[in-house]
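Chain and residue survey
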Amino acid sequence: MGAERDDAAQAGTVVTPSAEFPPLGDEERAALGRIGERWRGPRRADDLPVDPTLGRHDHHPAPTRFGRLAPIDMFTVAQPGELVATGAADLPGNRAGRSVARVRRTLIGPPLSSASVLYERMRKLVALPVLSSDLLSSVAYGPEAMLAVLVLAGSAALGLALPLAAVLVVLMVAVGLSYRQTIPAYPHGAGSYIVAGDNLGRTPGLAAAAGLMLDYVLTVSVSVAAGVHAVTSALPGLDRWAVPLGVLVIAVLLAGNLRGVRTAGNIFVLPTYAFVVVLLVVLAVGYAKAASRGFAPLPPPSAPAAEGLGLLLVLRAFSSGAVSMTGIEAVSNAVPAFRPTEWRNARTTLGWMVAMLVTLFAGLVGLIHLDGLAPRADETLLSQLGRVTFPSGPGYAILQATTALILLLAANTAFNDFPRLLFFMARDGHAPRRFLHMGDRLAFSNGLVALALTAAVVFVAFGGHTERLIPLYAVGVFLAFTLSQTGMVVHWRRRRGPGWRRRLAVNAVGATLSGLVLLTAAVAKFAEGAWVVVLAVPLLVLLFRRIHRHYDRLHRALALQSPPSAPPAECDELPQQVRHLVVVPVARLNRASLRALAYATSLGRPTLAVHIAPAQDEADRFRDQWRAWGDHLKLETIVSPYRSVIGPLAHYLEALHAASPDLTLTVIVPEVVLRRRRYRLLHSRAEQRLRAALRALPGVVVTSVAVHVT
């Protein structure tokens, strides 16, 4: 697996629309050639209904004398024998479908060609705010989460915020440097999942993926909850609408990201830069005021001690403050989303992100300490800091507006990385393959929808309260950090290139500090809700392994060399090996059933008609009608005294199959197709129920002959 990934990295990005269709291996190609050599079948191109004019000329549609609008060509000719579908070919044929398509294109835009995937990349100035929105926005609630734990020991314990912040800054720098080394080592992206999987084994890689997936879901929930809290802090009247407002924000984020990576990036650039600029102004003004009084810290408001100041409380505060680092791995996961040279631009972007994070986090913690602020239930710390820094003028309103906006849009980082992680997992067979599919706008639409729905459920389940969600936050992300950095230590020990000892030391420091935060968060916050993540990670790993086992079994079953366990009727690879029996269920003799019988007979194979009768007299009456028709085919009549149709027919076909397991039964069902959907309730849809009943029976092909009622 590792060698395949290295080859993919050398060839360039593996995030392409063609990833849904992996190429055949050498053994499969050889097996395919052996099968083709024995293939016998009619191949007369003159009999095929191919338009002979397609390859002769390539014209542009023009208005005709019958209308001003030019007819739209559904296909264009790329080369002889190859057509290219135009965008018009995707439009539904009915009016309702076209209306839905128009609404869809209004919301997310017209579809993009697969060739445009190379242009759906981000330059550094766009990638920085898009991928750092989660990381930078966490400074709006990370310091407050740390101080909210310290204040439980009374106002005096708030003084520990500065040394804890210093340790957290060291952790930020160490982990940031570690990921800067990961990016050039694994330039094809996917970060912790691939690094841990390649160097530590499949299970650690899946554990890292599970931790990241939980982190991304919680990123959306926590960011939206914090953003809504910032809005309700400034406008308390909206507090009762917090949950519906949060769900609406998630829906807007989903719609924005469905428009594609580049479009979504352009939408979310300005709010992130505005937030950073406003915070830098707050820090500049705040420290200028502190300098005017000689940097003497103001006393915090008196708060009674609810708990004793001990090591466990300090560790809880430290792990709570560590949520300010969530999102630091986003760049390593999204390397293919950058413009060339991808890894170099990604590494530069990560360096700027870490520098901005350290500046904002350390600056805010220091300023909060100097201004003597403490967490309050009715107002965020950043809101309090804004009121102190800007007692008059529009400064406070601008701060709250940009804070709310960046917190609400911080979830966009998860919307970038979660679908991409699912893509790599699906490529390896550990997630459903539908996550390989790129939507109309070359975004991983299925992954985006899955993230939005899961995050919305979590947000509603926790009532949109940030303090209830944060205890779940640190465990998953620091599990991924720890496994990724440990994997890089193993990577450098194996490769031993120039400077490998220095690189190994950097990753070892990052792994050690991340591991300490992981253990601290898991132990200190276990009772507060971290047990959910501790339990969810192994369950997700088990689920991923089950999915992989299913796909592995499926691959063996569908291999070009049929396994010995396959049913005899499904081992046929050559036309001359297939033995047919065509069965036509006939309820009554009308145009639909006669057309099905005519179609079956035209195939030139043995054909059997089957009629299910509820009573003996009806069976006699049908046989009489059959003789009046001419008795052209053999008829089998089954009397069903309990008036069931599907069950007796399915069991009869199963008996036919059991008598000759190597026989392929082709069941041709007459089907009436109605133009108006509202009339479908007036019909039994027996053909669909029969198809469902026979789906599990090997060697049975069910097809329908449609008769359209206009």
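Residues numbered from 1 in each chain as written. Predicted model: local features only at pLDDT ≥ 70, side-chain atom pairs only at ≥ 80, totals over all residues. Heavy atoms only, no water.

Examining a positive patch on the surface
For clarity, the cut-off: Note that patches include only residues with greater than 30% relative accessible area and no salt bridge, and the join distances are 9 Å for like charges and 5 Å for nonpolar side chains (Val, Leu, Ile, Met, Phe, Trp, Tyr). Areas reported as accessible are Shrake-Rupley estimates using a 1.4 Å probe. Residue values count occlusion only from the protein chains shown. Salt bridges are defined by distance alone: a side-chain nitrogen of Lys or Arg within 4 Å of a carboxyl oxygen of Asp or Glu. The charge count treats Lys and Arg as positive and Asp and Glu as negative. His and the chain ends do not count. Charge positions come from single atoms, namely NZ of Lys, CZ of Arg, CG of Asp or CD of Glu. Each helix is a run of H or I in the DSSP string that is no shorter than four residues. Each strand is a run of E no shorter than two, and both are numbered from the N terminus. Burial classes: relative accessible area under 20% of the type maximum marks a residue as buried, over 50% as exposed, and values in between as partly exposed (1.4 Å probe, protein chains only).
On the surface, a cluster of positive charge is contributed by Arg 202, Arg 545, Arg 546, Arg 549 and Arg 553. Looking at where Arg 546 falls in the secondary structure, it is placed in helix H21 (residues 526–557). For Arg 546, a relative accessible area of 48% puts it in the partly exposed group.

Some words on the packing of helix H5 (residues 142–150) against helix H11 (residues 311–321)
Rules: An axis is simply a line fitted to the C-alpha atoms; with a helix, the fit covers only the stretch in contact. Between two such axes, the angle follows the N-to-C directions and lies from 0 to 180 degrees. The labels follow the angle: roughly parallel below 35 degrees, roughly antiparallel above 145, roughly perpendicular from 65 to 115, and oblique for the rest. A clockwise turn of the near helix away from the far one marks a right-handed crossing, whereas an anticlockwise turn of less than a right angle marks a left-handed crossing. Contacts are residue-level and defined by heavy atoms, with any inter-residue pair within 4.5 Å sufficient. Gly is put with the polar residues, along with every residue not named as nonpolar or charged; the nonpolar set is Ala, Val, Leu, Ile, Met, Phe, Trp, Tyr, Cys and Pro, and the charged set is Asp, Glu, Lys and Arg.
Close contact between H5 and H11 brings their axes to 7 Å; oriented N to C, the two are set at 170°. Taken as axis vectors, H5 and H11 run roughly antiparallel relative to one another. When you trace H5 past H11, the crossing you get is right-handed. Along the contact surface, H5 presents Gly 142, Ala 145, Met 146, Val 149 and Leu 150, while H11 presents Leu 313, Arg 316, Ala 317, Ser 320 and Gly 321. Partitioned by chemical class, the residues of the contact of H5 with H11 number six nonpolar, three polar and one charged.

Structural notes on empty space enclosed by the protein
How we decide: Grid spacing is 1 Å over the protein atoms alone, the probe is 1.4 Å, and a cavity is where that probe fits but cannot get out, while a pocket is an open set with protein on both sides within 12 Å along at least five of seven lines and lining residues have an atom within 4 Å of a point. Grid points are joined across faces, edges and corners, and a volume is the space filled by probe spheres set on the points.
Here the structure, examined in full by the defined rule, presents one cavity of 30 Å³ or more. Reported here for the largest cavity is a volume of approximately 50 Å³. Contributing to the lining of the largest cavity are Val 139, Ala 140, Tyr 141, Pro 143, Glu 144, Leu 364, Ile 368, Leu 381 and Leu 382. Among the secondary structure elements, those contributing two or more residues to the lining of the largest cavity are H5, helix H13 (342–370) and helix H14 (381–389). Class assignment for the residues of the lining of the largest cavity results in eight nonpolar, no polar and one charged.

As for the nonpolar core
As a reminder, the rule being used: Nonpolar cores were defined as sets of buried Ala, Val, Leu, Ile, Met, Phe, Trp, Tyr and Cys residues, with membership established by side-chain atoms within 4.5 Å.
Counting residues in hydrophobic clusters, the biggest one holds 152 residues, and the most contacted among them are Leu 150, Val 220, Phe 415, Met 425 and Phe 478. For this core, the element with the most residues is helix H8 (residues 202–234), which contributes 19 residues. Aside from chain neighbours lying at most four places away, what touches Phe 478 is Leu 171, Ala 322, Met 325, Ser 514, Val 517 and Leu 518. The next biggest cluster of nonpolar side chains, apart from the first, holds 19 residues, and it includes Leu 608, Ile 612, Leu 653 and Leu 697.

Examining the environment of Val 388
For Val 388, the location among the structural elements is in helix H14. Overall, the relative accessible area of 37% leaves Val 388 in the partly exposed class. Spatially, the C-alpha atoms of Val 388 and Val 282 are 9.9 Å apart, while their sequence positions differ by 106 residues. In this structure, Val 388 is in contact with Lys 289, Asp 371 and Leu 373, ignoring residues within four places of it in sequence.

A few points about unusual backbone geometry
Here the residue pair Pro 340 and Thr 341 is connected by a cis peptide bond, since its omega of -5° sits within 30 degrees of zero. Within the element layout of this structure, Thr 341 appears in the loop between helix H12 (330–333) and H13. Backbone geometry places Phe 295, a non-glycine residue, at a positive phi of 55°. Summarising the element assignment, Phe 295 is placed in the loop between helix H10 (261–292) and H11. Here Asp 631, not a glycine, exhibits a phi torsion of approximately 55°, which is positive. In this fold, Asp 631 is placed in the loop between helix H23 (616–629) and strand E5 (634–639).

Structural notes on the pairing of strand E4 (residues 607–613)
Note the threshold: Two strands qualify as a pair provided that DSSP identifies no fewer than 2 bridges between them. Every crossover in which the path from the first strand over the helix to the second runs clockwise, viewed with the strands pointing away from the viewer, is termed right-handed.
Along E4, seven of the seven residues are buried, which leaves the element largely enclosed by surrounding structure. Burial along E4 is two-sided: the face carrying Thr 607, Ala 609, His 611 and Ala 613 and the face carrying Leu 608, Val 610 and Ile 612 are both buried. The pairing of strand E3 (residues 579–585) with E4 spans four bridges and is classified as parallel. Looking across to E4, one finds that Pro 585 is bridged to Val 610. Pairing analysis gives six bridges linking E4 to E5, with the strands arranged parallel. Within E5, the position partnered with Ala 613 by the bridge is Val 639. Following the backbone out of E4, through H23 and into the adjacent parallel E5, one traces a crossover that is right-handed.

Focus on the packing of aromatic side chains
Basically, it comes down to this: Ring pairs are drawn from Phe, Tyr and Trp, using the six-membered ring of Trp, whenever the two centres fall within 6.5 Å, and their geometry is named by plane angle: stacked under 30 degrees, edge-to-face over 60, tilted for the rest.
All told, the structure shown has seven aromatic pairs when counted by the stated rule. Ring centres 5.0 Å apart and planes at 35° place the aromatic pair Phe 423 and Phe 444 in the tilted group. With Phe 423 in helix H16 (residues 411–427) and Phe 444 in the loop between H16 and helix H17 (445–461), the pair connects residues that are 21 residues apart, well separated along the chain. For Phe 444, a relative accessible area of 7% puts it in the buried group.

Re the confidence of the model for the protein chain
Condition: Per-residue confidence from the predictor is reported as pLDDT, a score between 0 and 100.
Put simply, the protein chain has an average pLDDT of 79, and 80% of its residues get 70 or more. Across the protein chain, the element-wise mean pLDDT spans from 41 in helix H1 (residues 2–11) up to 91 in H13. Confidence drops under pLDDT 50 across residues 1–13; counting only partners more than four residues distant or on other chains, this segment forms 13 contacts. Across residues 48–72 the pLDDT falls below 50, and counting only partners more than four positions away or on other chains, this stretch makes 12 contacts in the model.

Overview of the packing of H8 against H17
Any two packed helices are characterised by how steeply their axes cross, that is the angle between the axes, and by the distance between the axes. Contact pair H8 / H17: the axes reach a minimum separation of 9 Å and the direction vectors enclose 55°. Here H17 runs oblique to H8, going by the angle between their axes. Relative to H17, H8 is oriented so that their crossing is right-handed. Here H8 contributes Tyr 216, Val 217, Leu 218, Val 220, Ser 221, Val 224 and Ala 225 to the contact with H17, which in turn contributes Leu 451, Thr 454, Ala 455, Val 458 and Phe 459. Among the residues forming the contact of H8 with H17, the class breakdown is 10 nonpolar, two polar and no charged.

So, the side chain of Thr 402
Its place among the elements puts Thr 402 in helix H15 (residues 395–409). Other than its neighbours up to four places away in sequence, Thr 402 contacts Ala 274, Phe 275 and Val 278.

Things to note about the environment of Leu 136
Looking at the secondary structure, you find Leu 136 in helix H4 (residues 124–137). For the pair Leu 136 and Gly 327, spaced 191 residues apart in sequence, the C-alpha to C-alpha distance is 8.5 Å. If we ignore the near neighbours within four places in the chain, the residues touching Leu 136 are Thr 272, Phe 275, Val 276, Met 353, Met 356, Leu 357 and Leu 360.

Quick notes on the sheet that holds E3
In spatial order, the strands read E5-E4-E3-E6-E7; together these five strands make up an open sheet with parallel pairing. Strands at the two margins of the open sheet, each flanked by one partner only, are E5 and strand E7 (700–709). On average, each strand axis in the sheet is tilted by 25° relative to the strand beside it, whichever way the strands run. Where E3 and strand E6 (residues 663–674) come together, five bridges link them in parallel fashion. Paired with His 580 across the strands is Thr 664, a residue of E6.

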